[in-house]
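Notes for the structure review
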Amino acid sequence: MPLVHIDLIEGRSDEQLRGLVKDVTEAIAKNANVPAERIHIVLNEMKKDRYSVAGKMADEK
């Protein structure tokens, strides 16, 4: 059973997130030869003020 964790900065629509999990599921099913029913995906959405790159918070960019 593949378990995929995807960390994202918040701000995407429900439609975008649905498309993401659909595409990731299809890619894993195809390339790992696993039935889609066995693929689990966890989406973790972070606030921009809780993520940084190069010493700057994402909400400062």
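In case you missed it, the structure is sitting above this.
Residues numbered from 1 in each chain as written. Predicted model: local features only at pLDDT ≥ 70, side-chain atom pairs only at ≥ 80, totals over all residues. Heavy atoms only, no water.

Bringing the overall build of the protein into the picture now. Broken down by element type, the protein carries one helix and four strands. Secondary structure of the protein in N-to-C order comes out as β-α-β-β-β. In terms of overall dimensions, the protein is more spread out than a globule: its C-alpha atoms have a radius of gyration of 14 Å, far above the 10 Å expected for 61 residues. When the backbone C-alpha atoms are referred to their principal axes, the protein occupies close to 40 × 25 × 15 Å. Expressed as a percentage of its 61 residues, the buried residues of the protein come to 15%. (Helix = DSSP H or I, 4+ residues; strand = E, 2+ residues; numbered from the N terminus. Rg over C-alpha atoms; globule rule 2.2 N^0.38 Å. Buried < 20%, exposed > 50% of the residue type's maximum accessible area, 1.4 Å probe, protein only.)

Once that is clear, we can look at unusual backbone geometry. Even without a glycine there, the phi angle at N33 is positive, about 55°. With respect to the element layout, N33 can be found in the loop between α1 (14-32) and β2 (40-46). Positioned with a positive phi, A54 is a non-glycine residue whose angle comes to about 55°. Here A54 lies in the loop between β3 (52-53) and β4 (56-57). Accessibility expressed as a relative area gives 81% for A54, which makes it exposed.

Mapped onto the elements of the fold, L43 is located in strand β2. Residues L43 and N31, spaced twelve residues apart in sequence, show a C-alpha to C-alpha distance of 21 Å. Contact partners of L43, with chain neighbours within four places excluded, come to I6, L17, L20 and V21. (Contact = heavy atoms within 4.5 Å.)

The next subject is the pairing of β2. Strand direction decides the pairing type here: strand β1 (residues 3-9) and β2, joined by seven bridges, are parallel. Following the sheet pairing, H5 is matched in β2 by V42. (Pairing = 2+ DSSP bridges.)

In short, the description is geometric, and any link to function would need to be established separately.
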